[in-house]
Amino acid sequence: MKIRLSHADGRPLYVQIMDEVRSGLVRGTLRPEDPLPSVRELSSSLRVNPRTVSQAYAALERDGVVRIRHGKGTFVAPGVRPDERERPRLAREVARRALADASRNGLALGDLMTALREVEGGDPHQDGDGRKEGGQ
Amino acid sequence: MTDIAMAALPIDLGSGPFAVTTRALAKRFGAVRALDGLDLQVPEGAVYVLVGPNGAGKSTLIRTIMGLVRYQAGAVSVLGRDPADRGAEVRADIGYVPEDYRFGYAWMTVGRWLEHEAVYHPSWDAEYARELSTRYEIDRGRRCHTLSKGQSRRVQLLAALAHRPPLLLLDEPTDGLDHVVRDETLSILSEHLADSPTTVVISTHRVYEVEPLVDHVGVLSEGRLLGQLPRDELRGSLLRYWADVPEGWSGPGELGGRVVKRSGAARAIEWTVWGDRDAVTRGLSEAGAAVREVAPLSVDEAAVALLSETGRKAS
């Protein structure tokens, strides 16, 4: 599992770690009973305070996503069903960020929904007014 | 437009336990008040960063905790002891990286200097010292006075960490380190914190370099703390609000928080406010502002906002 953090991100680091674990579950790179990196390994590779990693793991345990086994490490909970809980949860988190970004730019939910469908559908207008023409 | 109001940040961290406290600490150098009634509280196990402009008293404070500077008034407790009376004992329990990268025994080889440090700190972990020596690519045969600033820093960091002290005092620890060594140092410090129960006090102008490790922040100005609080509290309560406002907007009157900084032109304003996020957002909205974004500040940005405020108040 590869965890990436952004220090420019507004989310606290422990929340970013939690979301990265959720994302691993949704993508299938993390599966039930898989071990997570130890607090020491992960804090060292991310260059963060080990308490931040412990905080993320403890919060994930409270959410039923992982199980902390004393002296053995942290593992993905055996009964975790990513599609039922983690996927909608992660989607809400991404939606919240997209909405905040839209609002920052003065866009409403409707603008965002329309643009999302256009971009997803490969609408020819997606690049705005003339980025394609401008390039030639 | 600018508008400044008092922004008193929290300064009391509660009842502890604390690894280091000072109470009404004062130190003058001639007519200069280096420390002026300073109440420091460093919780046990914290990674506490001291920020502040040049001359704010950061290094004097650290040297006072080390027992290297005698204070004139107030009280100091370091791991339960007063460094003014029991300086040698206190220093044996501290891993110290001084601001100055020159060595007291500059003619010694690095190896000899490290042996000297090992004798001084009975808990010296020789195996750990060797591991750090390898990671930092330290040449034990070099004489201390021939080391570059960055090489000296690495030797000092090794010596500070190798006895796994209960308290680390790091004065500009990343000064002189290149990108790769700085990154390695952060990795070493993360592992050190995971392996050894340690309280860390870092004084630095480069907060962004150590920010992911930090969990407490103290903002120092003119020998006093403007605030000391957990990083999460700073992140949650000192926020920047961007809002669009009507033409000729007169402001929200009473905000549910304290304005640290307000700037912007015409119809778009940016506020830095200490206070409850929902209450401030409501206050702005009720006054007719459309809040577009609310975001936390980095420790650097927070320090700049708070310190420039005091600068303007003073002038």
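Residues numbered from 1 in each chain as written. Chains lettered and ligands numbered in written order. Predicted model: local features only at pLDDT ≥ 70, side-chain atom pairs only at ≥ 80, totals over all residues. Heavy atoms only, no water.

What to know about the interface of chain A and chain B
Definition in use: Only heavy atoms enter the contact rule, under which two residues are in contact if any of them lie within 4.5 Å. Two parts placed together each lose some accessible area; with a 1.4 Å probe, that loss summed over both constitutes the buried area. The term salt bridge refers to a pairing of a side-chain nitrogen on Lys or Arg with a carboxyl oxygen on Asp or Glu at a separation within 4 Å. Contacts described as polar in this section are N or O atom pairs within 3.5 Å, which, within protein, must combine one atom able to donate a hydrogen with one able to accept it, while residues neighboring in sequence count only if both atoms come from side chains. For helices the rule is a DSSP run of H or I covering at least 4 residues; for strands it is a run of E covering at least 2, with both sets numbered from the N terminus onward. Polar here means any residue other than Ala, Val, Leu, Ile, Met, Phe, Trp, Tyr, Cys and Pro, which are nonpolar, and Asp, Glu, Lys and Arg, which are charged; Gly is therefore polar.
Contacts between the two partners involve 17 residues from chain A and, on the opposite side, 20 residues from chain B. Interface area, chain A with chain B, both sides summed: about 1600 Å², of which 45% is carbon and sulfur. When the buried area of chain A at its contact with chain B is split by residue, A:Arg40, A:Arg47 and A:Arg104 rank highest and sum to 41% of it. Taken together, chain A and chain B are joined by four salt bridges. The closest approach of N and O atoms between B:Asp183 and A:Arg47, which form a salt bridge, is 2.7 Å. In this assembly, chain A and chain B are joined by twelve residue pairs in polar contact (both at pLDDT 80 or more). At the level of elements, α2 (39-46), α3 (50-62) and α4 (82-104) of chain A are the ones that each hand at least two residues to the side of chain A that touches chain B. Residue composition of the side of chain A that touches chain B, grouped by class: five nonpolar, seven polar and five charged.

Structural notes on the nonpolar core
All names here are of chain B. Using the following cut-off: Buried residues of nine kinds, namely Ala, Val, Leu, Ile, Met, Phe, Trp, Tyr and Cys, make up a nonpolar core once their side-chain atoms join them within 4.5 Å. Buried, partly exposed and exposed residues are distinguished by accessible area as a fraction of the type maximum, computed with a 1.4 Å probe on protein chains only: under 20%, between the cut-offs, and over 50%, respectively. Marked domain ranges trace back to an automatic or database domain assignment.
Counting residues in each nonpolar core, the largest one holds 53 residues, and the members touching the most others are Val49, Trp113, Leu114, Val155, Leu158 and Leu238. Here this core gathers at least three residues from each of two domains, domain 1 (103-163) and domain 2 (234-314). Here Val49 is in contact with Ile202, Thr204, Val207, Val214, His216, Val217, Gly218 and Val299, once residues within four sequence places are set aside. Counting residues in each nonpolar core, the second largest holds 25 residues, with Leu38, Leu40, Ala56 and Ile94 among its members.

Focus on the domain arrangement of chain A
Residue and element names in this part refer to chain A. Splitting chain A by domain gives domain 1 (13-76) and domain 2 (82-120). Of note, the centres of domain 1 and domain 2, computed from C-alpha atoms alone, are 25 Å apart. Domain 1 puts seven residues into the contact, and the matching count from domain 2 is eight residues. For the pair domain 1 and domain 2, the summed buried surface comes to about 750 Å²; carbon and sulfur atoms form 62% of the total. The largest per-residue losses of area from domain 1 upon contact with domain 2 belong to Asp19, Arg22 and Val26, which jointly make up 60% of the total buried on that side. Linking domain 1 to domain 2 there are two salt bridges. Between Arg89 and Asp63 there is a salt bridge; the shortest N-O distance is 3.6 Å.

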